[in-house]
Amino acid sequence: VNIEQYISSGIIESYVLGLASPEERLEFEQRCSQYPELLAAREAFELSLEQFSQAQAVPAPAGMKARIWEEISRADSHPGKEKAGPGIPAPVRPIRRDWWRYLAAASIILLVTSTLLNIYFYRQYQGSLARYESLFANTQETARQNRTLQTSLENSQSSIRMMNDSNMAVIALAGRPLSPSSRSTIYWDRRTKDVYLLAGSLPRPVSGKQYQLWAIVDGKPVDAGTFDLGPDLTLVRMKNIPRAEAFAITLEKAGGSNSPTLEAMYVMGRI
Amino acid sequence: LGTTVKYHEQELVSLLKAREEKSFAYLYDNYSGALHSIILQVIPDQELASDVLQEAFVNIWRKIESYDSSKGRLFTWMLNVARNLAIDMLRSKGYQNSRKNQEFPDPVYFEHVAGSTQLSVDNIGLRKAVEKLKSEHRVLIDLAYFKGYTHEEIAELEKMPLGTVKTRIRTALTQLRSILA
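Residues numbered from 1 in each chain as written. Chains lettered and ligands numbered in written order. Predicted model: local features only at pLDDT ≥ 70, side-chain atom pairs only at ≥ 80, totals over all residues. Heavy atoms only, no water.

## Side note on the packing of helix H2 (residues 21-42) of chain B against helix H3 (residues 46-63) of chain B
All names here are of chain B. Quick note on the threshold: Lines fitted to the C-alpha atoms define the axes, with helices restricted to the stretch that makes contact. Angles between their N-to-C directions range from 0 to 180 degrees. Numbering of helices and strands starts at the N terminus; helices are DSSP runs of H or I of at least 4 residues and strands are runs of E of at least 2. Orientation is classified from the angle alone, with under 35 degrees giving roughly parallel, over 145 giving roughly antiparallel, 65 to 115 giving roughly perpendicular, and any other angle giving oblique. Crossing handedness: left-handed means the near helix sits turned counterclockwise from the far one by under a right angle, and right-handed means the same turn made clockwise. Contact criterion: two residues are considered in contact whenever any of their non-hydrogen atoms come within 4.5 Å of each other.
Viewed as axis vectors pointing N to C, H2 and H3 meet at an angle of 140°, and their least axial separation amounts to 10 Å. When the axes of H2 and H3 are compared, the pair comes out oblique. As for the relative orientation of H2 and H3, their crossing is right-handed in sense. Within the contact between the two elements, H2 uses Ser23, Phe24, Leu27, Tyr28, Tyr31, Ser32, Leu35, His36, Ile39 and Leu40 and H3 uses Gln46, Ala49, Val52, Leu53, Phe57, Ile60 and Trp61.

## Considerations on the confidence of the model for chain B
All names here are of chain B. To be explicit about the condition: Per-residue confidence from the predictor is given as pLDDT, running between 0 and 100.
Here chain B shows a mean pLDDT of 83. Residues at 70 or above account for 83%. Confidence, expressed as mean pLDDT per element, reaches its minimum in chain B at helix H6 (residues 107-117) with 41 and its maximum at helix H4 (residues 74-91) with 93. Below pLDDT 50 for its whole length, residues 103-117 participates in 10 contacts with residues either more than four positions away or in separate chains. Across the assembled chains, the prediction reports ipTM 0.85 with pTM 0.54.

## What about helix H10 (residues 162-180) of chain B?
All names here are of chain B. So the rule is basically this: Helix span is expected to be 1.5 Å times the residue number reduced by one. Think of it in three bands: with a 1.4 Å probe and only protein chains considered, a residue is buried below 20% of the maximum accessible area for its type, exposed above 50%, and partly exposed in between. The reported arc concerns the directions from the helix axis to the C-beta atoms and nothing else.
For H10, built from 19 residues, the straight-helix expectation of 27 Å at 1.5 Å per residue is met to within 8% by its first-to-last C-alpha distance of 27 Å. Listing the buried residues of H10 in full gives Val165, Ile169, Ala172, Leu173, Leu176 and Leu180. On an axial view of H10, the arc spanned by its buried residues comes to 105°, and they lie on one face.

## Some remarks on the pattern of salt bridges
Applicable threshold: Criterion for a salt bridge: a side-chain nitrogen of Lys or Arg within 4 Å of a carboxyl oxygen of Asp or Glu.
Tallying each qualifying case throughout the model produces 18 salt bridges over all chains. Where Arg191(A) meets Asp165(A), a salt bridge forms, and the shortest distance between an N and an O atom there is 3.6 Å. Remark: Asp165(A) occurs in the loop between helix H6 (92-163) and strand E1 (168-175) and Arg191(A) occurs in the loop between strand E2 (183-189) and strand E3 (195-198); sequence separation between them is 26 residues. On the basis of relative accessible area, Arg191(A) is assigned to the exposed category, the value being 54%. For the salt bridge of Glu153(B) with Arg91(B), the shortest nitrogen-to-oxygen distance reads 3.5 Å. Placement of Glu153(B) in helix H9 (residues 151-157) and of Arg91(B) in helix H4 is noted, with a sequence separation of 62 residues between them. Residue classification places Glu153(B) among the partly exposed residues on the basis of a relative accessible area of 31%. Residue classification places Arg91(B) among the partly exposed residues on the basis of a relative accessible area of 37%.

## Quick look at the interface of chain B and chain A
Threshold: Buried area is understood as the total, over both parts, of accessible area removed when two parts are fitted together, assessed with a 1.4 Å probe. Two N or O atoms form a polar contact when they lie within 3.5 Å of each other; inside protein one atom must be a possible hydrogen donor and the other a possible acceptor, and for residues adjacent in sequence the pair counts only when both atoms belong to side chains. Residue polarity follows a fixed list, in which Ala, Val, Leu, Ile, Met, Phe, Trp, Tyr, Cys and Pro are nonpolar, Asp, Glu, Lys and Arg are charged, and the others, Gly among them, are polar.
With 50 residues of chain B at the interface, the matching set in chain A holds 44 residues. Contact with chain A buries area across many residues of chain B, yet Arg170(B), Arg177(B) and Leu180(B) alone supply 15% of it, more than any other trio. Taken together, the links from chain B to chain A amount to five salt bridges. Where Lys65(A) meets Asp29(B), a salt bridge forms, and the shortest distance between an N and an O atom there is 2.9 Å. Our count for the contact surface shared by chain B and chain A stands at 17 residue pairs in polar contact (both at pLDDT 80 or more). Looking at the side of chain B that touches chain A, the elements with two or more residues in it are H2, H3, H4, helix H7 (125-130), helix H8 (135-146) and H10 of chain B. With 13 residues, the top contributor of residues to the side of chain B that touches chain A is H2(B). A per-class count over the side of chain B that touches chain A returns 22 nonpolar, 16 polar and 12 charged.

And the structure:
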């Protein structure tokens, strides 16, 4: 190292005025202990800086001295026995600083861990939520189907109870030439004269047409009501017929006709 | 003020470390003006500069244990404590905001600023010496020493290579030494 050159490089001023980088400071301090002329030059600059600064002093505002002393003594008396005697180094500071450092490090680790866990749990939650929603939809669908089946079962059971009733007259309606394989059955309550129909194997009507049941009373057809073919085989309650010799079903315009279209008779049965 | 005591630096430092009240009094009487001056050169607002000066003395008192005489004179250390606190204040949000507010055309506040609270700082302390430098050097010393910017920040601000910033600051500093001597 050319120490003369180093001395005049501006490093001394840079160091003393606090403008040197940490690396520069370290190097400078090492060299000061090695080269007395460097140390002397540093001290000379420090002295001229101090003298110049003193010459340029601006008096501090009045009353400040007492104010500062008050603050210092107030702060000093608070930490208690900390009025350390001469020569006793205070090891309290560094230990406390380390303690804070560990606490800060621990906090950061906790924060990072907690953030990662949050992300993980949020993903888990998203997955669970999707599964829950699909399960919930399935359950709703199953419940709906269950209600449909329940209704259908109740209808069938009540139909069977009525068919099995000893007060019911059973009249089988057989297929006519138009539809020889068709079969329907009338259940006629002897006490109330209510008429129930089991549509059986009638063909599905074309649109705009509806089946109509007729009771033959004294040779004349009496309207006993129109009906649609439901999805299930259940008894359909028709109009009350006090007296009849026979029943027949014709295919009529939707809503029914006043008199039967005889050419469109599908089934018929006598009592 | 009867007897004038003159301490050697070493003596003063041990008295300070022993927390002797008379050492504070001595410190204040001998150095408050010089420290006040350097703070004013960074923070021209007198009221704020007073706050920083107070903080500086409290810091010096509390941190005297960390002063290492092998690294420099007590005054050098105190000067740096004061300058660093002033620069902290200069770069604080609160200070920046109060600067911005001054740009509003509030005649009352304006008069206040222009009148009594601000000194012309070009003519005090180190700035007086810096004024004698070439302008290209003066700008860099102002940014580095009185505004506390790092060499990297200055390179960016002045759109100058980092190497040039370093060389020019070093040159300016050696010139400053001959001005001070």
